Amino acid sequence: MGGIEDSEPPLKRVKVPLGESESYKEDSSLTEPVSGSFGKPMARSLSSQGDGETIGSKGVIKRPEFIKIITRALYSLGYDKTGALLEEESGIPLHSSVVDLFMQQVLDGKWDESLATLHMIGLSDETIVKSASFLILEQKFFEFLNVDKVMAALDTLRTEIVPLCINIGRVHELAACIISPSKYGVLGHSGQDIVGATSRSKILEKLQRLLPAAVTIPEKRLEHLVELALDVQRDACVFHNTFDSELSLYSDHQCGRNHIPSRTLQMLQAHSDEVWFLQFSHNGKFLASASKDQSAIIWEVKEDGQVSLKHTLTGHQKPVSTVSWSLDDHQLLTCGLEEVIRRWDVSSGECLHVYEKAGVGMISCGWFPDGRGIFSGMTDKSICMWDLDGREMECWKGQRTIRISDMAITDDGKRIISRCRENEILLLDREAKFERLIEEEDVITSFSLSKDNKFLLVNLINQEIHLWSIEGDLKVVSKYKGHKRGRFLIRSCFGGFEQAFIASGSEDSQVYIWHRATGELLLALPGHSGAVNCVSWNPANLHMLASASDDRTIRIWGLDHVQLKQRDSQGNGIAHHSNGRT
């Protein structure tokens, strides 16, 4: 792209090696003959394994706890007979007889008996005992009121609930129910099911959450442990780039490099000059590109991943420097270099409006989150907002932007972000009228905002990319190095699963990809024959990346294990399929 004085940053995660246990091969209990059905031989094998206090290769899993958690899961899944059978066969009951009695008494509404049994469980924390007693007595109180036994309810409140000396605010609310029974609804009770099984079951659920885990195994404890294990494996996977739905319990999860886009699947050759900018739509179904040839192109991403030309947008009298998608992806803004902004209908390719200001050119463009207006940086260093019909709504004068500048706005519409000086980025709070500055030692060339609005990716002229946290105190949290930048404006982007990767163009004709959390350079992708000016990662397809180059082409990158059918170049000369090399 045209020469300027600017550059880029880095990021990544810590990879925790996952050991592969071979202990199951050495376990003699599994070398014994096992019946093809789940009959007696299998049961004896399991029993022989459980003679010790612990199970597992590392000896850290307590056998009784393990069995109780499995039993709890079986009951939660509705396999009551199987759960009862496991309790019987293992000799390890899910709950003690005292806890079972307590739970049954609650379900039967035997409040006085349940209070007595509660004290027999042996809880050492008096706070828990009082809180559990409060829940039981509160239910007793409501059930008395529900059958118009007002004096009995009042006696429960005075002689049993109040002496607990806890939840004073709630006690006042209960007292109000005696004066006005309509307070039931305020407290979340309809009165219709005060004494029903559903209400008592809910009280029991609250009690189970309150009591220590060793007394009542938490609901869905096994699911929680499995989810934690999957989280650890996912976070330890340096190349992780798959949706959670693709994780499996059958084997340890680990992605390879082939889960990151690294092979050219298509070359798009419709521009007649350098391609300066490109961006996927929010839904990933379209790609827009901007070129020095004074045009922009809307490309359509088909369901099979093929990209084809949809509309060529002409009308600008200068090179098109940037584009911006509306939130619903129905419209597109294109900005001519120090010229005008045009708004286009994506479906028809029709120009809907031209935004201009006498004597002033536009240098950037963007949408307000509600889609009702647009904003732009101006050549007079101001930032202006318009409604869709072109009426100016706000304008911030002064050193708000510079002649070559990116802009962004947070999803809540409250903060506008703009490069205001060579080494400074302005964070302008529109409501609080408050400004903060990101200051770098070197010249800033471009930046991009993360999807969660919490981070800013800042490209620098010194061939570094810095990741800034913009929530709370402004600070650099990671740096990325390795790409080349000397004379041109090079852009980078977030991408992949949960935006776990950073991609960037480079003047050495390659695309660079780093791991966001650790800053490790993962891949350098050759293919282009000119400087790579901009990259964009498809937000809906983790395995699709696009790059724009001075060689007048756009490359669509995908997974390297994809087997492409050999196809001849398309007759219109727009899209060519490639094996990843020029």
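On a predicted model such as this, the values are computed, not experimentally measured, just so you know.

Caption draft 1: Looking closely at the packing of aromatic side chains. With the rule as written, the count across this model stands at seven aromatic pairs. Considering the side-chain rings of Y355 and W386, the 6.4 Å spacing of their centres and the 50 degrees angle between planes classify their relative orientation as tilted. Placement of the pair is Y355 in strand 11 (residues 351-355) and W386 in strand 14 (residues 383-387), with a sequence separation of 31 residues. The same class applies to Y355 as to W386, namely buried. What links up through ring pairs into an aromatic cluster is the set Y480, Y512 and W514. The ring of F455 carries R516 above its face, with NZ or CZ at 4.8 Å from the centroid.

Caption draft 2: Representation of the environment of N538. Residue position: N538 is located in the loop between strand 28 (532-537) and strand 29 (545-549). Judged by its relative accessible area of 3%, N538 is buried. Distance in space between the C-alpha atoms of N538 and F286 is 9.1 Å, their sequence separation being 252 residues. Setting aside residues no more than four positions away along its own chain, N538 makes contact with F280, G284 and M544.

Caption draft 3: Focus on the packing of helix 5 (residues 97-108) against helix 6 (residues 111-120). Where helix 5 contacts helix 6, the two axes come as close as 9 Å, and the packing angle between them is 155 degrees. Classified by the interaxial angle, the pair formed by helix 5 and helix 6 is roughly antiparallel. The two elements helix 5 and helix 6 cross, and the hand of that crossing is left-handed. On the side of helix 5, the interface is formed by V98, L101, F102, Q105 and V106, while helix 6 contributes W111, E113, S114, T117, L118 and M120. A breakdown of the residues in the contact of helix 5 with helix 6 according to their chemical character gives seven nonpolar, three polar and one charged.

Caption draft 4: Structural view of the environment of S547. Mapped onto the secondary structure, S547 falls in strand 29. According to the relative accessible area criterion, S547 is buried, its value standing at 0%. Residues S547 and Q510, 37 residues apart in the sequence, show an inter-C-alpha distance of 9.4 Å. Filtering out sequence-adjacent residues up to four positions away, S547 remains in contact with L278, V511, H528, V532, C534, V535, T553, I554, R555 and W557. Only 2.8 Å separates the side chain of S547 from the side chain of W557, close enough to count as a polar contact.

Caption draft 5: Structural view of the pattern of salt bridges. Summed over all chains, the structure comprises 15 salt bridges. Here R234 and D231 are joined by a salt bridge, their closest N and O atoms 3.2 Å apart. Note that R234 and D231 are positioned in helix 12 (residues 221-236) at a spacing of three residues, about one turn of the helix. The exposure class of R234 is buried, given its relative accessible area of 12%. A salt bridge links R491 to D406; the nearest nitrogen and oxygen atoms lie 2.4 Å apart. Taken together, the residues R491 in the loop between strand 23 (475-481) and strand 24 (492-495) and D406 in the loop between strand 15 (392-396) and strand 16 (407-409) connect sequence positions 85 residues apart. With respect to class, R491 is no different from D406; both count as buried. Each of the salt bridges in this network shares a partner with another, and the network as a whole consists of D112, K140 and E160.

Caption draft 6: Region of the structure containing the nonpolar core. Within the largest apolar cluster, 32 residues are counted, with the highest numbers of intra-cluster contacts made by F102, L118, L123, F141, I161 and L207. When residues of this core are traced back to their parent elements, those giving at least two are helix 5, helix 6, helix 7 (126-146), helix 8 (150-161), helix 9 (168-179) and helix 11 (197-210). Among the elements that make up this core, the one with the highest residue count is helix 7 (ten residues). Look past the residues within four positions of L207 in its chain and what remains in contact with it is F102, V106, A132, L135 and I136. V275, W299, V323 and A548 belong to the second-largest nonpolar core, a separate cluster that totals 28 residues.

Caption draft 7: View of a nonpolar patch on the surface. On the surface, a nonpolar cluster with roughly 270 Å² of combined accessible area is contributed by V60, I61 and F66. Checked against the element boundaries, V60 lands in the loop between strand 1 (54-55) and strand 2 (61-62).

Caption draft 8: Summary view of helix 12. Taking 1.5 Å of rise per residue, 16 residues should cover 22 Å, and helix 12 covers 23 Å from first to last C-alpha, within 8% of that figure. Considered for burial, the residues of helix 12 that qualify are L230, Q233, R234 and A236.

Caption draft 9: How the structure looks around the side chain of T553. Among the structural elements, T553 can be located in the loop between strand 29 and strand 30 (554-558). T553 gets classed as buried once you look at its relative accessible area, which sits at 7%. Reaching out from T553, the side chain makes a polar contact with the side chain of H528 at a distance of 3.4 Å. In contact with T553, other than residues within four places in its own chain, are L268, Q269, V275, H528, S547 and A548.

Caption draft 10: Quick look at the side chain of N459. Mapped onto the elements of the fold, N459 is located in strand 21 (residues 455-460). Here S446 takes part through its side chain, which lies 2.5 Å from a polar atom of the side chain of N459. Side-chain polar atoms of N459 contact the side chain of S492, separated by 2.9 Å.

Definitions and cut-offs
- Residues numbered from 1 in each chain as written.
- Predicted model: local features only at pLDDT ≥ 70, side-chain atom pairs only at ≥ 80, totals over all residues.
- Heavy atoms only, no water.
- Phe/Tyr/Trp six-rings, centres within 6.5 Å; stacked < 30°, edge-to-face > 60°.
- Helix = DSSP H or I, 4+ residues; strand = E, 2+ residues; numbered from the N terminus.
- Buried < 20%, exposed > 50% of the residue type's maximum accessible area, 1.4 Å probe, protein only.
- Lys NZ or Arg CZ within 6 Å of the ring centre and 35° of its normal.
- Contact = heavy atoms within 4.5 Å.
- Axes fitted to C-alpha atoms, helices over the stretch in contact; angles between N-to-C directions.
- Parallel < 35°, antiparallel > 145°, perpendicular 65-115°, else oblique.
- Left-handed = near helix turned anticlockwise from the far one by under 90°.
- Nonpolar A, V, L, I, M, F, W, Y, C, P; charged D, E, K, R; others polar.
- Polar contact = N/O pair within 3.5 Å; in protein donor to acceptor, adjacent residues only side chain to side chain.
- Salt bridge = Lys/Arg side-chain N within 4 Å of Asp/Glu carboxyl O.
- Core = buried A, V, L, I, M, F, W, Y, C linked by side-chain atoms within 4.5 Å.
- Patch = residues over 30% accessible without salt bridge, like charges linked within 9 Å, V, L, I, M, F, W, Y side chains within 5 Å.
- Areas by Shrake-Rupley, 256 points an atom, 1.4 Å probe, with all protein chains shown as cover.
- Expected span 1.5 Å × (residues − 1).

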